Amino acid sequence: MTAGVDHPARTTPYARAVFAQARMEARLLVRSAESLVVTLGIPLGVLVFFSSVDVLPTGEQRPVDFLVPGVLAISVAATGLVAVAIQTAFERKYGVLKRLGGTPLPRWGFLAAKGLAVAAILTVQSALIVGIAALVLDWRPAGGALVLPLGVGLGAVTFTAIGLLLAGSLRAEGTLAVSNALFLVLLLVSGVAFDAGALPPAVAVVGQALPVGALGEVLRVGASGQGVALAAVGVLAGWGLVAIAIAARTFRWEP
Amino acid sequence: MTISPATAFERPAIEVVGLAKRYGGTVAVDGLDLAVHRGETLALLGPNGAGKTTTVECCEGYRIPDAGTVRVLGLDPRRDAAALRPRVGLMLQEGGVYPVARPAEVVQLFASFYADPLDPDALLERVGLDDARRTRFRDLSGGQKQRLSLALALVGRPEVVFLDEPTAGLDPAARHRTWEHLRELRTDGVTVVLTTHLLDEAEELADRVAIIDHGRLIALGTPDELTHGDRDELTFTARPGLDTADLGRAVDVEVIEMRAGRYVVHAPNDPGLVARLATWLERHDVRLGELQAGKRSLEQVFLGLTDEDPPADAQGPRPPAQVPPARSAGSPSDASPRQRSDSPEVGA
């Protein structure tokens, strides 16, 4: 039938392999109901509910102007930190990472595929959030055509790195708990769902130094047409670099 | 072992020289030498914890040996992974498949990793997963999961296949089906290394059997070589607890109860011996179970060599099934077991 004994020339089709792996990753992210609740349900729910019901302190802006950048930041964190972390953690637990390590798909190819899958999911998420905000909630940003996509991209790298850091070092169940808890805490202290002015000042400062707060700041400043919030970009990139450095050392591929 | 350029093309598919691996204080592999020839099916047989999986995982590139060298198709499994992986198929003990993925999409995914893969649909049909192609992995039966793992090992048309307990947890029918696939691989000239603790599996499939215990190679040979010991003996089963001393006097040779109800007579198999044995059994009204002369079963070899199931009767002057390790048919020099510490000596 099948032997490969007379096939001496074997060049791994890297591009085909990476795209196939990315498609698989994206399909699995979408297939998991829990993951969909976190990546789409929570951000869109926050957006629609709090734009329509004026209960949250959103500063002096219209709720929707305040909320859209924050919700974008939440959705990036939800995908990178929660969905990717949990999926990868269970891939490791079930030996999927180990088994893939025995195929011609190299590790960089696997990580590239994760990145592509995250990019695809985030594109859909962001399009839905911006689309609903613009069409249903009458959101008219003053700027950010460049800053918003770039900010989302930088945030995606940072949060995916944090997610992989958790998935590669903790047990799967630990990753599940820690990533959800982190997500909730970041959401509350970062001034993305409601104005940080409502928080105790010390908490607000900490929130701005954390990656969700920093991403929210980058996106909010961008959407209001005030250019690039450099300090926040630095905070966000710093978290990303630290997470990548630690993950590169601690990531375990085997169960 | 030195390889001259002239014979390099005949170099074994897999060469393991002085392999040693420990985990913390536990020695998993302790100076193992093994050569697997191209197109050969080799069974690594041994009790749980003997070092089978560690050996295979060193060959697959998952483990870094503490000492010794491993070459697969002449390549270092870790350093040359990019060149080697396209030519090797493997099956881990644990499935290694996304629980919510479906067989069709997983085989399709793995096919896309290889330059010239098998047709995924035809492969699924061949391993009997046609009806389950849309079933999530976690909902497959144990046998279906194993067959999917086998399909993933084969989809890239490998030259070498490592199968770690490919039939673990399968019912007899599914096991025989897997055996059929493995026989096809042998027909196709694929080099196969499989680990098993099933003696009949090794006997059924393997060109050669390597028996491993405590991380050492303790016997290596074809099933025939291993089961034809160099000593004459006759084994029989009967009710346990026979008076072996009296029986020994009656047949004029020593008789040992190897395990409860299984007896070994160390003597050349001649008609007179059988007649004296039969007479004694008749006189003591003992019903004979099995009677086997000459060839021992692989199970006897295995139990004699490993200390998993020590002989019930310790009165004999020597262990009943202690055979000198058989020599490999192809390369006598690599066949003898070595008792050595994990010296960093490297060959090849």
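The structure we're discussing is the one just above.
Residues numbered from 1 in each chain as written. Chains lettered and ligands numbered in written order. Predicted model: local features only at pLDDT ≥ 70, side-chain atom pairs only at ≥ 80, totals over all residues.

This next bit is on the nonpolar core. The biggest cluster of nonpolar side chains holds 155 residues, and the ones touching the most others in it are A:Val68, A:Ile74, A:Ala77, B:Leu45, B:Ala151, B:Val155 and B:Ala210. In terms of residues, this core owes the most to one element, helix α3 (residues 63–93) of chain A, which gives 19 residues. Counting residues domain by domain, this core receives three or more from each of domain 1 (5–222 + 327–334) and domain 2 (234–305) of chain B. Excluding its chain neighbours within four sequence positions, the residues that come into contact with B:Leu45 are B:Thr196, B:His197, B:Leu199, B:Ala202, B:Val209, B:Ala210, B:Ile211, B:Ile212 and B:Phe302. Judged by nonpolar contacts, the second largest core, of 11 residues, contains B:Phe236, B:Ile256, B:Met258 and B:Leu277. (Core = buried A, V, L, I, M, F, W, Y, C linked by C-beta atoms within 7 Å. Buried ≥ 20, exposed ≤ 12 C-beta atoms within 10 Å, placed from the backbone. Helix = DSSP H or I, 4+ residues; strand = E, 2+ residues; numbered from the N terminus. Domains from an automatic or database assignment. Contact = placed C-beta atoms within 7 Å.)

Residues and elements named next belong to chain B. Of all 10 residues making up strand β1 (residues 14–23), 8 are buried, and the element is well covered by its neighbours. With 5 bridges joining them, β1 and strand β4 (residues 67–72) adopt antiparallel strand pairing. Looking at the pairing, Ala 20 lines up with Ala 67 of β4. Sheet topology note: the β1/strand β2 (residues 26–36) ladder contains 8 bridges and is antiparallel. Bridge pairing links Ala 20 to Asp 30 in β2. Where β1 folds back on β2, the antiparallel hairpin that results is connected by 2 residues, among which Gly 24 adopts a positive phi of roughly 60°. (Pairing = 2+ DSSP bridges.)

Further remarks concern unusual backbone geometry. Residues and elements named next belong to chain B. Residues other than glycine seldom take positive phi values, yet His 214 does so here, at roughly 50°. Assessed through the 16 C-beta atoms surrounding it within 10 Å, His 214 is described here as partly exposed. Not every positive phi belongs to a glycine, and Asp 252 is a case in point at roughly 75°. Under the C-beta neighbour-count criterion, Asp 252 is labelled exposed, with 10 such atoms within 10 Å.

Contact residues are listed per partner, giving 29 residues for chain A and 32 residues for chain B. Per-element tally for the side of chain A that touches chain B: the top contributor is helix α1 (residues 14–31) of chain A, with 7 residues. When grouped by side-chain class, the residues that make up the side of chain A that touches chain B number 13 nonpolar, 10 polar and 6 charged. (Nonpolar A, V, L, I, M, F, W, Y, C, P; charged D, E, K, R; others polar.)

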